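Observations on chain architecture
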Amino acid sequence: MDELIGHFLLVFAVFVLWMKPESSAENTHELNIGAVRLHNASRVLQLNISWEGAFAEKSSLYDVKINHIPTKNCSIERSLFADRSDIKCAPVVAETELTTLLLPRDTRALHKHECEILPSCVYEVVVKPLDFISTLKRVYHVPDCVNSLCSCFHEKFLPSIRTNASISSDHLVVNWTLGEYSRHALPDDVSLDYITITVRRGLNEDLHWGGQESSKKSFNLPVASAGGFQFNVADFQGNKTIFLVHAALYDSRRCFSEAPPVRVFLSVKDSRPDAIPSEEAVAADSRAIKVLFG
């Protein structure tokens, strides 16, 4: 009798193993994932997720989840969860009857704390049929660049840039120097591209670094360890007597390092005749200089 029961249990075990769906590890080849950027203006991506084969035929409703996996090259840096600093953002979740979909569904209106899909970041995608016990899982590494949207995880390794500026006769003279850097610290496809020098007149605290937008002059210059550029004061609209100088170094991915803004005071006698400010304006700018420089 015992032998008969043992034989029955063996047959039953073989039957269960034969009927058991494949494990998630064995099914990873059926889960296809790719990063897409549907709108050139978008700063985040979507994952194009699809599954096929027998797995796709065994259910009519699926739960899909995207978990972010922290890595040193991912720009999701600050955790939103005080008690779990290892969790940078909330998973992207969706329930669908389809076997192919884009997630997040709308990059313009992400749910609160929901993970963004960004270049160079790593995610685990889990697809679980709600009426089937098997699960598909796959870890996906988003490329450094997707449709011209690139990761800038290497920005801290770009050379620093410092500027100084002065007024000489009727010209604003801007000089810059680049700091030292290691080429080997940058990705293989990254090179230094150009330096941008931008100047505006006046003060405007509503702007990123101040200045009147209507007076803006900007030039892109070749990369050099040191250099200079002259602006003709007469070319700037307006009559504010403070010039704000901003310089940035860009690489081939449009990632950049930037110098702290420099403010230069233009005396009344150096202004062009039609742009000489009133005494009230000069007094106001003088007070502003005292505030800025103590």
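As recorded in an unreviewed UniProt entry, the protein chain goes by (northern house mosquito) hypothetical protein and comes from Culex pipiens.

1. Examining the pattern of salt bridges
One pass over the structure, following the stated rule, counts 3 salt bridges. With its nearest N and O atoms 3.2 Å apart, the salt bridge here joins Asp144 to Arg253. Pair noted here: Asp144 is in the loop between strand 7 (136-141) and strand 8 (145-146) and Arg253 is in the loop between strand 15 (242-251) and strand 16 (256-258), with a separation of 109 residues, a long-range link. Overall, the relative accessible area of 27% leaves Asp144 in the partly exposed class. Note that Arg253 and Asp189 form a salt bridge whose closest N and O atoms lie 3.0 Å from each other. Remark: Asp189 occurs in the loop between strand 11 (171-178) and strand 12 (192-201) and Arg253 occurs in the loop between strand 15 and strand 16; sequence separation between them is 64 residues. You can call Asp189 partly exposed: its relative accessible area is 49%.

2. Digging into unusual backbone geometry
Residue Leu103 is joined to Pro104 through a cis peptide bond whose omega torsion reads -10°. With phi around 50°, Asn147 is a residue other than glycine that occupies positive phi space. Locating Asn147 in the fold gives a position in the loop between strand 8 and strand 9 (149-150). Classification of Asn147 by relative accessible area gives partly exposed; the value is 42%. One non-glycine residue, Ser169, adopts positive backbone phi at about 60°. Here Ser169 shows up in the loop between strand 10 (161-168) and strand 11.

Scoring rules and cut-offs
- Residues numbered from 1 in each chain as written.
- Predicted model: local features only at pLDDT ≥ 70, side-chain atom pairs only at ≥ 80, totals over all residues.
- Heavy atoms only, no water.
- Salt bridge = Lys/Arg side-chain N within 4 Å of Asp/Glu carboxyl O.
- Helix = DSSP H or I, 4+ residues; strand = E, 2+ residues; numbered from the N terminus.
- Buried < 20%, exposed > 50% of the residue type's maximum accessible area, 1.4 Å probe, protein only.

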